[in-house]
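Chain residues, written in single-letter form:
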Amino acid sequence: MATEVNVYSLDETSTLKQLENLASETTVFLSMPYIRGLTPRALLERGQKEISADGQGFDRYSGAFRPDEIGIPIFDHGLLYGDAVFEGIVICHERLFKWREHIHRLYASADRLRIHIPYDPATLTERVLETVRGTSEAGRAATYLRLVVTRGIGDLGIQPAKCSSSVIYCIASKIQLYPESLYDRGIKLALCRTTRRSSPDILDPQIKSCNYLNNILAWIESADQGCHEALMLTQNGYVGEATTDNLFVVTKAPGWEEDVSRVTVATPVSGYCLNGITRNMVLEYARTLGYQTEECATILPSDLLGADKEVFLTGTAAGLIPAIMLNGQLIGDGIPGPVARKLRSLLTRDLQDPEMGLSLYAREKEIPAYLQAGSRAGAPSPSQGSDFVREMFKVIDGRDWASLENFFGKSMTYERPGYAPLVGYDRVLHFYREERVIASGQHLLDEIVMNSDGGACWGRFVGEHKNGSHIDEKFADTYKFEDGKIKLRRSYFFRPAV
Ligand code: PMP
């Protein structure tokens, strides 16, 4: 079947023209360890030597360049093996939209792959802001950033341990995934027949890595169906996500026009997909509007069809785009529905909101406060794996009791030796505020094992009892999650026999 919808022209000349145009609108920040014979000369000649240590014994150079002035070394493992992580960020009204959340996810992805980022988040932010400001002063105002961190430069073997420190680059450019008209008309989806979305035990979708082969195969398999995007199923045949966007299904029960609680806005559980930043915003909008929301592990392709349905995709670059067809069958009545339109209008509103991003002109000392302010709102969810547990202990050890609600569900239970089960968030909070005998201390974690339903961790707690005595004991915790928070936590302590 001929490709019905030609989003990107395959015509060679126009692709060439498009790429040349893209190049003329692009600036790139590059930061790389110095390796004689491999580091591009322009970086040495025109870049600056970083003063702070690279952490792995390399000299490091960085600078902002036009795309054809520099290059990524042929031995970079991001290129050779996809051993890299990235974020895509929209710039709107001279602000990096949701920068805090993107930075958090970038460091979390890098952490999962044990790629060290040799800048703290505030310094990396400064470098990116300088680059984007320079770009707009040169008359090429960027509207989209692609921030990439690769493992670094290595030999032709896969071993991460034999690589240099990481290579970082930030492309300040533009992106348009869909023409504006498609937001009014809606896109066509195809179901990918063979390739499945990788599960957390194969390649965790929460690691936003530069290995998109899984998604690219899905796209290749589906493109001949004349679609704008391909839907990927999980190993068990449930809907996971589209190749670069999250999926939502809206169900409107009879009477929904009068009673919004009859509208259900469902999206696959985060074990099946990237826990998208836009996905989380849209779930929040839906709750605020009074719709039922559901993170669902059992959405079937057939659940997308029917007169009472609306379907849409969400992502940073795509925003919120309605879908009107699946494998040639109409979704709803074949035009974007009112629920999708309403949710999209809230996203458009937020894109204009100065509170939602970091100003390009933020001063150096404002940046740490901006990044910090989000540590509550931007708390990781269980699907972000070990980060969730680490952040929870940071909050506990920092006695930041107000932030516990980011981790503990309202109806949770906490079981620990010496207490009747603590039932309900308020009870747990009371325990922490009033009853806990620890004056100060730190949880030192040896191991964290997690999936999207639950997990465990163990390590040592070292601190002071309120009576002044020293505590040094082994502990273990198990967790069960529900709706992105802890539903059940059990703690075990291993005290030396007396
Ligand atoms: N899923 C995948 C596979 C993605 O690559 C992306 C990012 N384009 C998303 C979902 C959407 O995530 P976000 O809203 O954070 O951009």
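Data block above holds the structure.
Right, let's walk through the structure included here. (Residues numbered from 1 in each chain as written. Predicted model: local features only at pLDDT ≥ 70, side-chain atom pairs only at ≥ 80, totals over all residues. Heavy atoms only, no water.)

When the terminal C-alpha atoms of helix α4 (residues 99–112) are compared, their 20 Å separation across 14 residues agrees well with the 20 Å that a helix rising 1.5 Å per residue should span. Summarising burial for α4: 11 of the 14 residues are buried, a large majority. Along α4, the residues classified as buried are W99, R100, E101, H102, I103, R105, L106, Y107, A108, S109 and A110. Within two residues after α4, R114 carries a phi angle of roughly 55°, on the positive side. (Helix = DSSP H or I, 4+ residues; strand = E, 2+ residues; numbered from the N terminus. Expected span 1.5 Å × (residues − 1). Buried < 20%, exposed > 50% of the residue type's maximum accessible area, 1.4 Å probe, protein only.)

Okay, the sheet that holds strand β22 (residues 470–482) next. Strand order in the open sheet made by the six strands is β19-β18-β23-β22-β21-β20, with mixed pairing throughout. What marks the edges here is a single partner per strand, and that holds for β19 (422–423) and β20 (438–450). Pairing between strand β21 (residues 454–465) and β22: 11 bridges, direction antiparallel. Directly across from A456, in β22, lies its bridge partner T478. Against the sheet, helix α12 (residues 386–397) touches β18 (408–415), β20, β21, β22 and β23 (485–494), its axis set at about 175° to β20. Against the sheet, helix α13 (residues 425–435) engages β18, β19 and β23, with an angle of about 60° to β18. (Pairing = 2+ DSSP bridges. Contact = heavy atoms within 4.5 Å. Axes fitted to C-alpha atoms, helices over the stretch in contact; angles between N-to-C directions.)

Another point: the sheet that holds strand β17 (residues 357–359). Ordered by their spatial adjacency, eight strands build an open sheet running β2-β3-β1-β7-β6-β4-β5-β17, and the pairing between neighbours is antiparallel. The open sheet has two edge strands with one neighbour each: β2 (48–49) and β17.

Here β18 pairs with β23 via four bridges, running parallel. The partner of Y414 across the bridge, within β23, is R489. Here β22 runs beside β23; their pairing, made up of nine bridges, is antiparallel. In the strand pairing of β23, T478 is matched with R490. Linking two consecutive strands that pair antiparallel, namely β22 and β23, is a turn of two residues; a positive phi of about 50° is found at D483 within it.

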